Amino acid sequence: MAHLPAADVARPTGLSREFVLQHVELGQCLFVGRLEQSGGAVFVEGLQADHVLELFDIPFTLNQHGSDTLEQPSSNPARLGILKAGVPVVLGRQPYADALKALRRRSDELQCPRWEVGRQLEVVSPAPLRAPAERPDAPVGWRFGLRTPAGDYPALFTPMLGRHQLDNLAAAVGAVEMCARLEGLSLRRQRVAECLREFRMPARLELLQRSPAVLLDVAHTVESTDALLAALQTHFPGRPVRVVFGCSSSKDARGMLARFKGRCVTFTATQADMSRAMPVDETLQAARDVQVAAPEHLKAVADSREAAQDAIEGAAPGDVVCITGSFFTAGEILGERMKGEGGNG
């Protein structure tokens, strides 16, 4: 991840601001954080808060804590307890109408300053960059603009894949601007474009190589699998897809696998080296049951790293190898890659 200085701090001492940022990949998860300044350093508490703070020209330390979730159609006040009186909130694009109403109602009751993706934070003129079968090495990503309460950001680029990632970036920029506005920080807006251009998220539709294309994604729900498939269609249209899939036993494997039916030319079941992993033979049987691909194109390779390597070696230069199903599967692939690069990631 690139940590690029992108703002000046107008007030060098006394910074203290708690904030809430909704993680918008699925529109479900809320993260809470607090910015504290002490001795020239800003300490951030909150999951993925470093994604926001790298836009400020100040050193920081990240302390990770747990997150709460809001699941549609819940409007249970206990599930909304992460919202706190007067604490600013940035809402990502919320696919569930009942959940969005509950979030708005509760934040109004608590008098939380609120910005929303799709309202105060708008993605403007998104244009995907594609690498189709006839141009497999073409650049991929998005050209787009952002409109925020602080003004417009025209002519932006991100290498991140999937339309939902633009909403994620809009929420992150919105959180930065909200913190800057409320705490008197001077944001160097001209550096935002540079940060977005260099920003990466490991295993979030991460393109590991180009020929064949190898895509690593932590999709582990039906909804995130839909987002993955939409990104494949958007950025790699018409290219054969070879899927390597291993999920946790608690997940809706059949629901996810059904989404791949007719969308892949080969399917390899695998499993992460952990007790919660779904056994590879069960994953393979589920793939057979939902007819993910022709029977002769289904196989099982128990070790996830060997499964990925087998799929890559069997792929043509224009194919796309998609490795997905679990954070744990993705972690093993990334760990193997880092080992091969001497541990430098």
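Below is a short write-up of the structure. What you see is a predicted model; the values in this text were computed from it and never measured.

With that out of the way, let us pick up the nonpolar core. By size, the foremost hydrophobic cluster in this structure holds 36 residues, and its most contacted members are Leu232, Phe236, Phe267 and Val292. Sequence-distant contacts of Leu232, that is, excluding residues within four places in its chain, are made with Leu215, Pro237, Val241, Val320 and Cys322. Counting 26 residues, the second largest nonpolar core, distinct from the first, contains Met160, Leu185, Leu187 and Phe199.

Attention now goes to the environment of Pro159. Turning to its location among the elements, Pro159 is positioned in the loop between β11 (151–158) and α3 (164–183). Residues Pro159 and Pro128 lie 31 residues apart in sequence; the distance between their C-alpha atoms is 9.9 Å.

Let us now look at the environment of Ala170. Residue placement: Ala170 occurs in helix α3. Judged by relative accessible area, Ala170 falls into the buried class, the value being 2%. On a C-alpha basis, the gap between Ala170 and Val90 in space is 9.8 Å, while along the polypeptide they are 80 residues apart.

Read across the sheet, 3 strands follow the order β9-β10-β11 without closing on themselves; strand pairing throughout is antiparallel. The open sheet has two edge strands with one neighbour each: β9 (122–129) and β11. Across the sheet, the mean angle from the axis of one strand to that of its neighbour is 10 degrees, orientation sign disregarded. As paired elements, β9 and strand β10 (residues 141–148) share 6 bridges and run antiparallel to each other. In the strand pairing of β10, Ala127 is matched with Arg143. In the packing of α3 onto the sheet, the strands contacted are β9, β10 and β11, and the crossing angle to β10 comes to about 35 degrees.

Our focus in this paragraph is the sheet that holds strand β16 (residues 266–271). Strand order in this open sheet of 6 strands is β13-β14-β18-β15-β16-β17, and the pairing throughout is mixed. Single-partner strands in this sheet number two, and they are β13 (206–210) and β17 (298–303). Strand-to-strand twist across the sheet, computed as the mean angle between neighbouring axes with direction ignored, equals 20 degrees.

What follows covers the packing of aromatic side chains. Taken as a whole and judged by the stated rule, the model has 2 aromatic pairs. Plain terms: the ring middles of Phe245 and Phe260 are 6.3 Å apart, the flat faces sit at 70 degrees to each other, and that makes the pair edge-to-face. Of this pair, Phe245 sits in strand β15 (residues 241–245) while Phe260 sits in helix α6 (residues 253–260); the two residues are 15 residues apart in sequence, bridging distant segments of the chain. For the pair Phe245 and Phe267, a centre-to-centre distance of 6.1 Å together with 35 degrees between the ring planes defines the contact as tilted. Taken as a pair, Phe245 in strand β15 and Phe267 in strand β16 lie far apart in primary sequence, 22 residues in all.

Turning our eyes to something else, we now look at the pattern of salt bridges. Under the definition given, this model contains 17 salt bridges. Note that Asp319 is salt-bridged to Arg242, the shortest N-O span being 2.9 Å. Of this pair, Asp319 sits in the loop between α8 (304–313) and β18 (320–324) while Arg242 sits in strand β15; the two residues are 77 residues apart in sequence, bridging distant segments of the chain. You'll find Asp319 and Arg242 in the same group, each marked buried.

How each quantity is defined
- Residues numbered from 1 in each chain as written.
- Predicted model: local features only at pLDDT ≥ 70, side-chain atom pairs only at ≥ 80, totals over all residues.
- Heavy atoms only, no water.
- Core = buried A, V, L, I, M, F, W, Y, C linked by side-chain atoms within 4.5 Å.
- Buried < 20%, exposed > 50% of the residue type's maximum accessible area, 1.4 Å probe, protein only.
- Contact = heavy atoms within 4.5 Å.
- Helix = DSSP H or I, 4+ residues; strand = E, 2+ residues; numbered from the N terminus.
- Pairing = 2+ DSSP bridges.
- Axes fitted to C-alpha atoms, helices over the stretch in contact; angles between N-to-C directions.
- Phe/Tyr/Trp six-rings, centres within 6.5 Å; stacked < 30°, edge-to-face > 60°.
- Salt bridge = Lys/Arg side-chain N within 4 Å of Asp/Glu carboxyl O.

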